[in-house]
Amino acid sequence: MSTDTKEREPLFSPKNIKLLTNPIHKDNPITAQVLGICSALAVTVKLEPAIVMSISVMVVLAAGNVIISLLRNSIPSRIRIIVQLVVIAALVILVDQVLKAFAYEVSKQLSVFVGLIITNCIIMGRFEAFAMGNKPWPALLDGIGNGIGYGWVLVAVAFFRELFGSGTFFGMTVIPKSVFDFGYVNNGLVILPPMALFAVAAIIWIQRSRDKELIEA
Amino acid sequence: MEEINIFVKSIFIDNMVFAYFLGMCSYLAVSKTVKTSVGLGAAVIFVLIITVPVDYLLDTYILSEGALKWIDPEYANVDLSFLSFIMFIAIIASMVQLVEMIVEKFSPSLYASLGIFLPLIAVNCAILGGSLFMQQREFTSIGQATAFGLGSGIGWFLAIVAIAAIREKIRYSNVPPALRGLGITFIITGLMAIAFMTFMGIKI
């Protein structure tokens, strides 16, 4: 029995912790792997939809990673894309129905972007790159890690867009009225789609200036 | 007339890339040269113009609430719309497969030039997005749905060819190291999106 313990590593071994923390910075799905940009940009006008979206993606990614990882030895490689799509679509339908039932307003704001989680490249990318070749527990950690990595970029972009675009934080006005009296106005451009691109570019710029390894040749 | 309005609107005002950021992943990954981006853009138009009308028929006659009435009046209360995600993606995946086989059989030269892009399109969010927007905007005829599919495809084609042309030139510029590649592409796309916003409000 003692041979067994050799290959069983502790649940939170350094290697597994790395799976969780790497995607937050070095391997960030948005700024380094360039996956899942579409939905990231479109839902970041306000904080609330951005947070709901991040949680939805994290749930689908973590659950999907575990399911694919459990099935990985029984999926014929020729039809694996279809199998992966069916797993993702089923999970997304669940998420969509839950959102419609418990957070109808937010699900209206997110409109088609909940459905578009199906074709979110992060999910397919992680299935292909990680879940198809790893055990369920590391796959779960990888899913959660990438979900967090995706989420913090979304929340950061949404925070600045909501603050400067509408002067609010979670729908509460935070910029005092006296500032407006001095002639401060909300920046209308920040709410418009182009500004999301600039905000993500700024995050990439800051991240890459601090960490020279990420710079593209 | 409504068809033309939808067509023009979906190219310029509701542009898939600049207004909704759909298909961004392949837009960023495949826009390094004009030649490959023309291939991918053409493939997207091709697939959108088939999948949007097919998904329209599927939605109108099978999935939406009361759509099954044409079989028997007693099905008038059946609402299958929660199945639409999985049905749409199945249609898209099988259409892409079908288109790939047809193109391979009848036009090997086009098949060779599209190369690996055709299968990749199945997971391009612009395609699924096209079908979901079609469902959300409640078009009233298949003509409108087709016009929307064609217009969205052309809009996406325009966007990727334009960014590829700019990226080919920007290789000779002195971009700050940390912005090279991804960062500068984002900023250019943002500027292009601002330019496209000038079309807002056009109505034919």
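Above this text is the structure in question.
Read on for a plain summary of the structure.

Basis of the calculations
- Residues numbered from 1 in each chain as written.
- Chains lettered and ligands numbered in written order.
- Predicted model: local features only at pLDDT ≥ 70, side-chain atom pairs only at ≥ 80, totals over all residues.
- Heavy atoms only, no water.
- Helix = DSSP H or I, 4+ residues; strand = E, 2+ residues; numbered from the N terminus.
- Contact = heavy atoms within 4.5 Å.
- Areas by Shrake-Rupley, 256 points an atom, 1.4 Å probe, with all protein chains shown as cover.
- Lys, Arg positive; Asp, Glu negative; His and termini not counted.
- Charge placed at Lys NZ, Arg CZ, Asp CG, Glu CD.
- Salt bridge = Lys/Arg side-chain N within 4 Å of Asp/Glu carboxyl O.
- Buried < 20%, exposed > 50% of the residue type's maximum accessible area, 1.4 Å probe, protein only.
- 1 Å grid on protein atoms, 1.4 Å probe; cavity = no way out; pocket = protein on both sides within 12 Å on 5 of 7 lines; lining within 4 Å.
- Points joined across faces, edges and corners; volume = space filled by probe spheres on them.
- Nonpolar A, V, L, I, M, F, W, Y, C, P; charged D, E, K, R; others polar.
- Buried area = accessible area lost by both parts, 1.4 Å probe.
- Polar contact = N/O pair within 3.5 Å; in protein donor to acceptor, adjacent residues only side chain to side chain.

The helix and strand inventory of chain B stands at nine helices and zero strands. For chain B, the succession of helices and strands along the chain, N to C, is α-α-α-α-α-α-α-α-α. Reported as C-alpha extents along the three principal axes, the dimensions of chain B are approximately 70 × 45 × 30 Å. Restricting to contacts in chain B with at least 6 residues of sequence separation, those with at least 24 account for 77%. Looking at chain B as shown, the accessible area adds up to about 9300 Å², and 69% of this sits on carbon and sulfur atoms. Once the 11 positive and 13 negative side-chain charges of chain B are each reduced to a mean point, those two points are 21 Å apart.

With that out of the way, let us pick up the overall build of chain A. The helix and strand tally for chain A stands at 11 helices and two strands. Start at the N end of chain A and walk to the C end: the helices and strands fall as α-α-α-α-α-α-α-α-β-β-α-α-α. If one aligns the C-alpha atoms of chain A with their principal axes, the spans along those axes are about 75 × 40 × 35 Å. At a minimum sequence separation of 6, the contacts of chain A that also span at least 24 residues come to 77%. In the structure as shown, chain A presents an accessible area of about 10700 Å², 67% of it carried by carbon and sulfur atoms. Averaging the locations of the 18 positively and 14 negatively charged side chains of chain A gives two centres separated by 3 Å.

Okay, the environment of B:Leu68 next. Among the structural elements, B:Leu68 can be located in the loop between α3 (34-63) and α4 (84-106). Measuring from C-alpha to C-alpha, the distance between B:Leu68 and B:Gln135 comes to 17 Å, with 67 residues separating the pair along the chain.

Once that is clear, we can look at the pattern of salt bridges. Residues and elements named next belong to chain A. This structure, assessed with the given rule, holds three salt bridges over all chains. In this structure, the salt-bridge partner of Asp142 is Arg126, at a minimum N-O distance of 3.1 Å. With a gap of 16 residues between them, Asp142 in helix α8 (residues 136-166) and Arg126 in helix α7 (residues 121-129) connect regions that are remote in the sequence. Exposure remark for Asp142: the relative accessible area of 3% places this residue in the buried category.

As a further point, take unusual backbone geometry. Residue and element names in this part refer to chain B. Positioned with a positive phi, Phe21 is a non-glycine residue whose angle comes to about 55°. By the element assignment, Phe21 lies in the loop between α1 (2-12) and α2 (24-29). Judged by its relative accessible area of 2%, Phe21 is buried. The phi angle at Glu138 is positive, at roughly 50°, despite the residue not being glycine. By the secondary structure assignment, Glu138 is in the loop between α7 (125-137) and α8 (142-170).

In this model, the largest pocket occupies a volume close to 890 Å³. Lining the largest pocket are 33 residues, with A:Ile81, A:Met124, B:Pro119, B:Leu120 and B:Val123 sitting closest to its centre. The set of elements that each furnish at least two residues to the lining of the largest pocket consists of α5 (80-102) and α7 of chain A together with α2, α4 and α6 (117-120) of chain B. Taken together, the residues that form the lining of the largest pocket break down as 20 nonpolar, nine polar and four charged. Estimates place the volume of the second largest pocket at around 750 Å³. Sorting the residues of the lining of the second largest pocket by element identifies α5 and α6 (104-110) of chain A together with α3, α4 and α7 of chain B as the ones contributing at least two each. Its residues assigned to classes, the lining of the second largest pocket shows 10 nonpolar, 10 polar and six charged.

This next bit is on the interface of chain B and chain A. Note on interface size: it is often stated as the accessible area lost on association of the parts. Taken together, the contact between chain B and chain A spans 39 residues of the former and 40 residues of the latter. Summing both partners gives a buried area of about 3400 Å² for chain B against chain A, and 86% of it is carried by carbon and sulfur. Broken down residue by residue, the surface that chain B buries against chain A is led by B:Phe21, B:Phe85 and B:Phe186, which jointly contribute 20%. The interface formed by chain B and chain A holds zero salt bridges in total. One can count zero residue pairs in polar contact (both at pLDDT 80 or more) joining chain B with chain A. At the level of secondary structure, the elements contributing two or more residues to the side of chain B that touches chain A comprise α2, α4, α7 and α9 (182-196) of chain B. Counted by class, the side of chain B that touches chain A contains 30 nonpolar, eight polar and one charged residues.

Looking now at the environment of A:Asn65. Residue and element names in this part refer to chain A. Here Asn65 lies in helix α4 (residues 47-71). Linking Asn65 and Met124, residues 59 residues apart in sequence, is a C-alpha distance of 9.5 Å. Once residues within four sequence positions are removed from consideration, Asn65 is found in contact with Val60, Arg126, Phe127, Ala131, Ala139, Asp142 and Gly143. Within polar-contact distance, the side chain of Asn65 engages the side chain of Asp142 at 3.5 Å.

To continue, consider the side chain of B:Ser37. Residue and element names in this part refer to chain B. For Ser37, the position within the fold is in helix α3. A distance of 3.3 Å separates the side chain of Ser37 from the backbone oxygen of Thr33, its partner in a polar contact. Among all residues touching Ser37, those that are not within four sequence positions of it are Val30, Ile160, Val161 and Ala164.

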